[in-house]
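So the chains spell out like this:
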Amino acid sequence: FQKKNPDIEIDPALDSLGYEKTFTNRFLYTRAEVATSLFKKEEREKYKSDLLSYGSVSLFIFLPFFTLFLKFFYIRRKFTYVDHLIFVFHTQTVFFMLLTILYLISFFTKVEQAWIFIALFLLYLIIAMKKFYEQGYIKTFIKFCLLNMVYLFLGFIGIAFVFLISFALY
């Protein structure tokens, strides 16, 4: 209906579709308008830009939650929550520095090697965990693997949440 009648207002559209004029129906109709507009390239690019903007903010929102998992994994150690948080901010800074370097390299050479970025960051992360927490290689590797699984799980939840929020606010 929205594709056939792109210029119709919400209330007449809901009347002609036979729906009540409730908040939920108005919201869903406006989201249908947004979904239809995403078929246009310029709208899709604007949405991707907004999604990236929300994504970078959400990374910093999820960092305290990830820090909480670090605290649980190293509960017997004498580190405070703030110590873990500083470690997480430090590793995220390296993450963004490597991402910037990757972006600059791909911008000037038109070659994207994301796997090198991922490998460098993971190598840095396991070395940083070994040095910061001062545990053996095997224990560090096991905790590294478990924490990465937790981080991926939180990441998927975060991506879904950011996608839904950005779609609702677009």
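Above this text is the structure in question.
Only a predicted model underlies this, so the values are computations on that prediction, with no experimental measurement involved.

**Observations regarding the overall build of the protein**
Looking only at helices and strands, one finds six helices and zero strands in the protein. Moving toward the C terminus, one meets the helices and strands of the protein in the order α-α-α-α-α-α. Taking 15 Å as the expected radius of gyration for a compact globule of 170 residues, we find that the protein reaches 22 Å, considerably beyond that expectation. Seen through its principal axes, the protein has C-alpha atoms that stretch 70 × 45 × 20 Å. Scored against the burial criterion, the 170 residues of the protein give a buried share of 26%. Relative to all contacts within the protein whose residues are 6 or more apart in sequence, the contacts with residues 24 or more apart total 55%. Roughly 12100 Å² of accessible area belongs to the protein as shown, and the carbon and sulfur atoms make up 73% of that amount.

**Examining the environment of F1**
Topologically, F1 is positioned in the segment before helix 1 (10-17). Among the residues examined, F1 registers a relative accessible area of 36% and is labelled partly exposed. Through-space distance from the C-alpha of F1 to that of L70 is 50 Å; in sequence the pair is 69 residues apart. Aside from chain neighbours lying at most four places away, what touches F1 is I8, A13, S16, L17 and Y29.

**Thoughts on the packing of aromatic side chains**
The final tally for this structure, using the stated rule, is 15 aromatic pairs. An angle of 75° between the planes, with centres 5.2 Å apart, marks the rings of F95 and F121 as edge-to-face. With F95 in helix 4 (residues 81-109) and F121 in helix 5 (residues 114-133), this residue pair connects regions lying 26 residues apart in the sequence. A residue is classified by how much of its surface remains accessible, and F121, at 12% relative accessible area, is buried. The ring of Y137 carries K130 above its face, with NZ or CZ at 4.7 Å from the centroid.

Criteria and cut-off values
- Residues numbered from 1 in each chain as written.
- Predicted model: local features only at pLDDT ≥ 70, side-chain atom pairs only at ≥ 80, totals over all residues.
- Heavy atoms only, no water.
- Helix = DSSP H or I, 4+ residues; strand = E, 2+ residues; numbered from the N terminus.
- Rg over C-alpha atoms; globule rule 2.2 N^0.38 Å.
- Buried < 20%, exposed > 50% of the residue type's maximum accessible area, 1.4 Å probe, protein only.
- Contact = heavy atoms within 4.5 Å.
- Areas by Shrake-Rupley, 256 points an atom, 1.4 Å probe, with all protein chains shown as cover.
- Phe/Tyr/Trp six-rings, centres within 6.5 Å; stacked < 30°, edge-to-face > 60°.
- Lys NZ or Arg CZ within 6 Å of the ring centre and 35° of its normal.

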